[in-house]
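# A closer look at the structure
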Amino acid sequence: MAQGKVLESRWFRILSVEPSPDPQYRIFCSLLHQPIKGSQDYEALSYTWGTDKAIAPIFIDGGVLFVDGVCINQDDATVRNNQVSQMADIYSSSIEVLVWLGEGNKYTDRGMDSLGEISARAKLIEDRILKERSDRHQMHKEWTDLFHSVHARHDSDECFAGIGALFFRDWWNRVWTVQEITLARAAKVQVGKKSLPWECFEIFSKLYTVDAVHTSGQVRPEWSEKYRIFQYYTRQIFIKADTIRVMRIKMLENIEILLSPMVQYTLRRFATDPRDKIYAILGLINCAFVEIWKADEPGSSSFD
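The structure contained in this document is the topic of the report that follows. Small disclaimer: the values here were computed from a predicted structure and weren't measured.

## Structural notes on the packing of aromatic side chains
If you walk through the whole model with that rule in mind, you get 15 aromatic pairs. When the ring of phenylalanine 12 is compared with that of phenylalanine 66, the centres are 6.0 Å apart and the planes differ by 40°; the resulting orientation is tilted. Taken as a pair, phenylalanine 12 in strand 1 (residues 11-17) and phenylalanine 66 in strand 4 (residues 63-66) lie far apart in primary sequence, 54 residues in all. Phenylalanine 66 matches phenylalanine 12 in its accessibility class, with the two residues each being buried.

The structure is reproduced here in structure tokens:
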């Protein structure tokens, strides 16, 4: 697919995919050259890059998408550097960010079902408590009771193993995904053929955090050996998810996000090109330093 050059500042390409009556048909699509602000509605894909060679087809039933690996000419350093500096605008301007965690399996299918069920129950509790204007401690108590009720199920180990399979995907270790999901106006998570609103992941991470605080230092009798292993390996991952939730709130309420904590938070997150971490981090910081940096920015990255 010919990509040409996109050098105009604040312009980008989006991928228009033609609908197909049969998923086995060849995909037909075109690249549309448009301004970021004022372009037609589009969705932006958030995913983890794999190998340079495609190993399986992606079937899309129509739509207009931004997929950086296709919409940005990765072989042209000038174009790529120009577009990288605009990623924050591209993702924040999309109508929805589609988080692709990868192909599904029996574990992730179980995880999506369990996560959807548990987060829905937690949301009902939260909505009721807020409507009744009850003490937030009451909500935390009921959430803790909810979490313990999952342990009482005969299939609790399978539930937590499936949820862990979702949070162990590489997407959680990529620095660009922090920016992409934090800036999203709306988001949906897809694993194989199953999907859930991003809010389900936020609610579960908050639920887990509340339970972890209330049971800190404890080994409860209802915890199975498999759950203790799950808890040991997943604690830091759920902290990552809950930190994203907090940053999304700060962005929504225009609360200052500083450089120093963002650098610390992304130390263990990676990019295909390590230098891209600069733009991934700066795209989230809304303090005075970044405004000065943007004012001095020449319009494209100096990376070559």
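What follows picks up the thread again.
## Notes on helix 4 (residues 106-132)
The end-to-end C-alpha distance of helix 4, which contains 27 residues, comes to 39 Å, matching closely the 39 Å that a straight helix rising 1.5 Å per residue would cover. All of the buried residues along helix 4 are Thr108, Gly111, Met112, Ser114, Leu115, Gly116, Ile118, Ser119, Ala122, Ile125, Glu126 and Ile129. Residues of helix 4 that are buried make contact with helix 5 (136-151), helix 6 (156-167), strand 6 (187-191), strand 7 (194-197) and helix 8 (198-214). N-capping of helix 4 is provided by asparagine 105, with a side-chain oxygen placed 2.9 Å from the backbone N of tyrosine 107. One or two steps after helix 4, the chain reaches arginine 133, where phi turns positive at roughly 55°.

## Section: the pattern of salt bridges
Per the counting criterion, the structure on display carries 14 salt bridges. In this structure, aspartate 68 engages arginine 174 in a salt bridge whose closest nitrogen and oxygen atoms are separated by 3.8 Å. Of the two residues, aspartate 68 sits in helix 1 (residues 68-71) while arginine 174 sits in the loop between helix 6 and helix 7 (175-182), which places them 106 residues apart along the sequence. What makes aspartate 68 buried here is its relative accessible area of 6%. Judged by relative accessible area, which is 8%, arginine 174 ranks as buried. Here arginine 128 ties to glutamate 132 by a salt bridge, and the two come within 3.8 Å at their closest N and O atoms. Linking arginine 128 with glutamate 132, this pair stays in helix 4, spanning four residues, or about one helical turn. Residue arginine 128 is classed as partly exposed on the basis of its relative accessible area of 33%. Each member of the salt-bridge network shares a partner with another, and the members are Arg110, Glu117, Arg121, Arg153 and Asp155.

Rules used in this analysis
- Residues numbered from 1 in each chain as written.
- Predicted model: local features only at pLDDT ≥ 70, side-chain atom pairs only at ≥ 80, totals over all residues.
- Heavy atoms only, no water.
- Phe/Tyr/Trp six-rings, centres within 6.5 Å; stacked < 30°, edge-to-face > 60°.
- Helix = DSSP H or I, 4+ residues; strand = E, 2+ residues; numbered from the N terminus.
- Buried < 20%, exposed > 50% of the residue type's maximum accessible area, 1.4 Å probe, protein only.
- Expected span 1.5 Å × (residues − 1).
- Contact = heavy atoms within 4.5 Å.
- Polar contact = N/O pair within 3.5 Å; in protein donor to acceptor, adjacent residues only side chain to side chain.
- Salt bridge = Lys/Arg side-chain N within 4 Å of Asp/Glu carboxyl O.

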